[in-house]
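Residue-level structural notes
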Amino acid sequence: MSKGKNGLRLRSLKYMLELTSRCNLRCGMCPMDVLTRPFEDAPFDMVEDVARQMRELDLPMKYLHEMGEPFLYKRLCEAIDLFPGVCVSTNGTLLSEQWAKDILSSSLSKLRICIDTLKPEVYPIVRKGGKFDAVVENIRRFLEMSKGKKIVVEIQRMITTQTHDESVKSFREFFHLDRYPQATIIQKTCEGLDTSEVTELHQAYYGCFQGTPYQWFVILCNGDVTHCCYDYDGTQKLGNVREKSIVEIANSPFLATIEEGFRTHDFSQLPRCAECFKNPAAKPPLTDRLWRYAQAFPWKDPFRRFLNIPGVPGGEN
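Structural notes, computed from the coordinates. (Residues numbered from 1 in each chain as written. Predicted model: local features only at pLDDT ≥ 70, side-chain atom pairs only at ≥ 80, totals over all residues. Heavy atoms only, no water.)

**Notes on unusual backbone geometry**
To be explicit about the condition: Every helix listed is a DSSP run of H or I at least four residues long, and every strand listed is a run of E at least two residues long, numbered separately from the N terminus. For every residue, the accessible area (1.4 Å probe, protein chains only) is compared with the maximum for its type, and the residue is labelled buried under 20%, exposed over 50%, or partly exposed between those bounds.
Phi is positive for D58, which is not a glycine, with a value near 55 degrees. Looking at where D58 falls in the secondary structure, it is placed in the loop between helix 1 (44-57) and helix 2 (76-82). On the basis of relative accessibility, which here comes to 57%, the residue D58 falls in the exposed class. Phi at H265 takes a positive value of approximately 60 degrees, unusual for a residue other than glycine.

Pasting the structure below:
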């Protein structure tokens, strides 16, 4: 890989802003119990400044979450209105009737509600601390309240070792989605944010789920920026938006460390990457295999564009 003289190609990245690192659940696949940074909220002046920079750069914010539960952020609706087209993901436990009214009065384009399973006996394993019946009630109420509104409602089904026999069809039937054209079911593989080892929810894995280290621009609630949505503690920090601009962070000197680590497969300076690459006997994700094929291909530029590796001739920053 090469970094390129202009650093990351900003228009090709996916942007995520964490409004809070606080959460009311301790989910089975989530590393909240081992988070070493403080549980805190993003200062709203920082949120506003990020929005200003992204408008000036004509960059879209994709998600307003990372580790925490967005509905714990008191100024959530104000933050939503700063980022046109943004999506918010929630565990659904706090989606009260009042919150539903507030959200539907904002400019929110998409709400993802993560119930993950229809099995009441499995739900407490996946979403520890949540109440299955209450979340079902919240979802059904929101479906009814959002009907006819300009919002997409995604209900998440998570594929785990204990839910593989469930289906999109069963979710659609359970929530009667034939009545709600604004709603859809999305499927997500249970990824090992907590560990790459075997757990009760996922198998062991080896390699990079993102395909390359340059897919994301994740702004944590303290302003730190990391290049990976798995880097929940910000251990592979590119910079901080309270200290430097987005453009400056895109030219971070740490990019050279990332590239050297991936080139040599020496992840001693990349602790989050080291976790994903510590099980060589496990099956690598498809994205990682694609990246390896791209590196071996003699004419790499089309692959490099597809995988968002900087330094492609003609690529924009």
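On we go.
**Let's talk about the packing of aromatic side chains**
We count it as follows: Two rings belonging to Phe, Tyr or Trp (six-membered ring only in the last case) form a pair when the distance between their centres is within 6.5 Å. Interplanar angles under 30 degrees mark stacking, angles over 60 mark edge-to-face geometry, and anything in between is tilted.
A complete count under the given rule lists 8 aromatic pairs for this structure. For the ring pair Y63 and W216, a centre distance of 6.1 Å and an interplane angle of 25 degrees mean the geometry is stacked. Linking Y63 in the loop between helix 1 and helix 2 with W216 in strand 6 (residues 216-219), this pair joins segments that are 153 residues apart in sequence. On the accessibility criterion, Y63 (12% relative accessible area) is buried. Each ring, one from Y123 and one from F132, has its centre 5.7 Å from the other, and the planes form 65 degrees; the classification is edge-to-face.

**What to know about the pairing of strand 4 (residues 152-159)**
Our working definition: For two strands to count as paired, DSSP must find a minimum of two bridges between them.
Within strand 4, 6 of the 8 residues are buried, leaving the element largely enclosed by the surrounding structure. Sheet topology places strand 3 (residues 110-116) next to strand 4; 6 bridges connect them, and they run parallel. Bridge pairing in strand 4 places R112 opposite E154. Two strands pair when backbone bridges link them, and strand 4 and strand 5 (residues 183-189) are joined in this way by 7 bridges, in the parallel orientation. Across the sheet, V153 pairs through a bridge with A183, a residue of strand 5.

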